[in-house]
Each structure stands twice: as C-alpha cells, then as structure tokens.
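# Analysis of the macromolecular model
Chain by chain, the residues:
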Amino acid sequence: MYLVKSPWLLKKIYPFCVWDLPTQEPVVYLTFDDGPHETATPFVLDTLQQFNAKATFFCIGKNVVKQADLYKRILHEGHRVGNHTFNHLNGWKVSDKDYVDDILHAKKYIDSNLFRPPYGRITNFQAALLNRNFTKKDELFRIVMWNLLSADFDEKLNGEKCAANILSHIKNGSIVVYHDSEKAYPRLKIALPRTLDVLTKKGFRFEPIRL
C-alpha cells in the first residue's frame, strides 16, 4: 500500500523529516532512489541534461560500490547525492543497531548529510540514534522524505499514469520521488521525460536539495 501524496498526518508524526521545501518560486526537487543502476541511471542523467535539470540521487551503498563510475558521473554533472542505506534495509524490520550501522557503512561511500529511509520507514528512536555520534551541525543527517510519489515501482501502472501522479499534484517546492532501478525503468523511461517536458513548459526549474 502507498499514497501518491503524503498526508498531513505523516508530517505531524515525523516532524523531524523534510517533506517539502516551501517556496514562492516555481522550483521542483526531483529525487531518484535505489541507484546507481547500469541502465536506468544513465537514462536519467541524459534526460536531465536535455532539460537542463538538476536532481538528488538517494543511492544504495552496495550499488555505489558496483557502479562507482556512474556515481562519479552523478556528482560531476552537478547533482546531489544522499544516503539510502548500504543494503536497502527496512527500518521497521531490523534492529536499531543493524539499521544505523548499515547507514553509517553506506556513509563511507556516499559523502552526504542527506538520508532517505528505504520505504520511508524509520522510527523516532532510529532517527535520534543516527545522529548521536555527530557533534557538528553540518555533520548531522537531514532525513528527507517526499510529498509526491510517482509509484514507478508499481508494475500494475504504466508510465503515463506515473507522470500523471506527479503532474496532477505538483506545487512549488515539491519533493518528487522516482526510482533509477531495474524494476521501475519501464515506467520511468516514459514518465520522467513527460514530467520534465510539461513542467518545463509551465516555467518550473529543477534543483538539487541543499540542506
């Protein structure tokens, strides 16, 4: 089960998370989870380049190890990266220690203070535990969620529907989730260009998340 638009109640339950970045400017924050992937990530990077768009990639540590050159390309082309654990762990299904250890292991390969929990699942205690060993403000993890989910991972949908999930709810400062993954790619390759084309024509800009 998933919701395309994050409900206000979740924002109240998890106030320590960033759900959107309110602004009066026509700016959208595209994010991509689960990469780098040998096919999906180059497609995303090429497509973003066509529209002069920047984005944020929440990378899985083990994929960064496998696709080191792609990870370097993401950074070289002016995008931001974030930590998405080393092994794509669900914080509700593993011990607190194993979860935090996995995130810190990924941090060895992903130089970023941004973190997104896989499946959006993290407890208040895990969030506190995550930053327990850091003392400097700029070292603290910022936990970034989203307010719009493309649902490109849903094999029952098509690419047009995934784009519509975004386009029908977009607003200034929206944080949007796509996935540069094997599973999502059949829908991503249709939805992403459609989203960029429509929003560019409406005057939106696409920027990386900087917190």
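Residues numbered from 1 in each chain as written. Predicted model: local features only at pLDDT ≥ 70, side-chain atom pairs only at ≥ 80, totals over all residues. Heavy atoms only, no water.

## Notes on the overall build of the protein
From N to C terminus, the protein includes 8 helices and 9 strands. Against the globule reference of 17 Å for 211 residues, the protein gives a C-alpha radius of gyration of 16 Å, in line with a compact fold. Seen through its C-alpha atoms, the protein measures out along the principal axes to roughly 45 × 40 × 35 Å. Within the protein, the proportion of its 211 residues that are buried is 55%. Long-range pairs, those at least 24 residues apart, make up 79% of the contacts in the protein between residues at least 6 apart in sequence. About 10400 Å² of surface is accessible on the protein, with carbon and sulfur atoms providing 53% of the total. With 30 positive and 23 negative side-chain charges, the protein shows a spacing of 5 Å between the two charge centroids. (Helix = DSSP H or I, 4+ residues; strand = E, 2+ residues; numbered from the N terminus. Rg over C-alpha atoms; globule rule 2.2 N^0.38 Å. Buried < 20%, exposed > 50% of the residue type's maximum accessible area, 1.4 Å probe, protein only. Contact = heavy atoms within 4.5 Å. Areas by Shrake-Rupley, 256 points an atom, 1.4 Å probe, with all protein chains shown as cover. Lys, Arg positive; Asp, Glu negative; His and termini not counted. Charge placed at Lys NZ, Arg CZ, Asp CG, Glu CD.)

## Overview of the environment of Gly91
Mapped onto the elements of the fold, Gly91 is located in the loop between strand S4 (80-83) and helix H5 (96-107). Separated by 63 residues in the primary sequence, Gly91 and Val28 place their C-alpha atoms 28 Å from one another. Ignoring any residue separated from it by four or fewer positions in sequence, one finds Gly91 in contact with Tyr99, Arg121 and Gln126.

## Here's the deal with the environment of Ile13
In this fold, Ile13 is placed in helix H1 (residues 8-13). Judged by relative accessible area, Ile13 falls into the partly exposed class, the value being 41%. Linking Ile13 and Lys72, residues 59 residues apart in sequence, is a C-alpha distance of 36 Å.

## Quick notes on the nonpolar core
Soluble globular proteins: nonpolar side chains tend toward being buried together. Counting 36 residues, the largest nonpolar core has Leu30, Phe32, Leu48, Phe57 and Leu192 as its most contacted members. Of all the secondary-structure elements, those providing two or more residues to this core are strand S2 (27-33), helix H2 (40-50), strand S3 (56-59), helix H4 (68-76), helix H7 (159-167), strand S8 (175-179) and helix H8 (185-201). It is H8 that provides the largest number of residues to this core, a total of 6 residues. Not counting chain neighbours up to four residues away, the residues in contact with Leu192 comprise Leu30, Phe32, Phe43, Val44, Thr47 and Tyr178. Among the nonpolar cores identified, the runner-up in size contains 28 residues, and Phe58, Tyr99, Phe141 and Trp146 belong to it. (Core = buried A, V, L, I, M, F, W, Y, C linked by side-chain atoms within 4.5 Å.)

## A look at the pattern of salt bridges
For the structure shown, the criterion picks out 10 salt bridges. With a shortest N-O distance of 3.6 Å, Glu25 and Arg205 are connected by a salt bridge. Taken as a pair, Glu25 in the loop between strand S1 (17-18) and S2 and Arg205 in strand S9 (residues 205-206) lie far apart in primary sequence, 180 residues in all. We classify Glu25 as partly exposed; its relative accessible area is 42%. For Arg73, the salt bridge goes to Asp46, with nearest N and O atoms at 2.6 Å. Placement of the pair is Arg73 in helix H4 and Asp46 in helix H2, with a sequence separation of 27 residues. Each of Lys11, Asp20 and Lys171 takes part in a single network of salt bridges with overlapping partners. (Salt bridge = Lys/Arg side-chain N within 4 Å of Asp/Glu carboxyl O.)

## Thoughts on the packing of aromatic side chains
Per the stated rule, a full pass over the model turns up 8 aromatic pairs. With centroids separated by 6.1 Å and ring planes inclined at 20°, the aromatic side chains of Phe32 and Tyr178 adopt a geometry described as stacked. Placement of Phe32 in strand S2 and of Tyr178 in strand S8 is noted, with a sequence separation of 146 residues between them. Residue classification places Phe32 among the buried residues on the basis of a relative accessible area of 0%. Centroid distance Phe115 to Phe141: 6.2 Å. Interplanar angle 70°. Geometry classified as edge-to-face. With Phe115 in strand S5 (residues 114-115) and Phe141 in the loop between helix H6 (124-130) and strand S6 (142-144), this residue pair connects regions lying 26 residues apart in the sequence. For the pair formed by Phe115 and Phe141, the shared burial category is buried. (Phe/Tyr/Trp six-rings, centres within 6.5 Å; stacked < 30°, edge-to-face > 60°.)

## A few points about H5
Every α-helix carries 3.6 residues per turn, so stepping three or four residues along brings you back to the same face. When the terminal C-alpha atoms of H5 are compared, their 17 Å separation across 12 residues agrees well with the 16 Å that a helix rising 1.5 Å per residue should span. Residues Tyr99, Val100, Asp102, Ile103 and Ala106 constitute the buried set of H5. Relative to the axis of H5, the buried residues are bounded by an arc of 155° and lie together on one face. Contacts made by the buried residues of H5 are with helix H3 (61-66), S4, S5 and H6. (Expected span 1.5 Å × (residues − 1). Arc of directions from axis to C-beta.)

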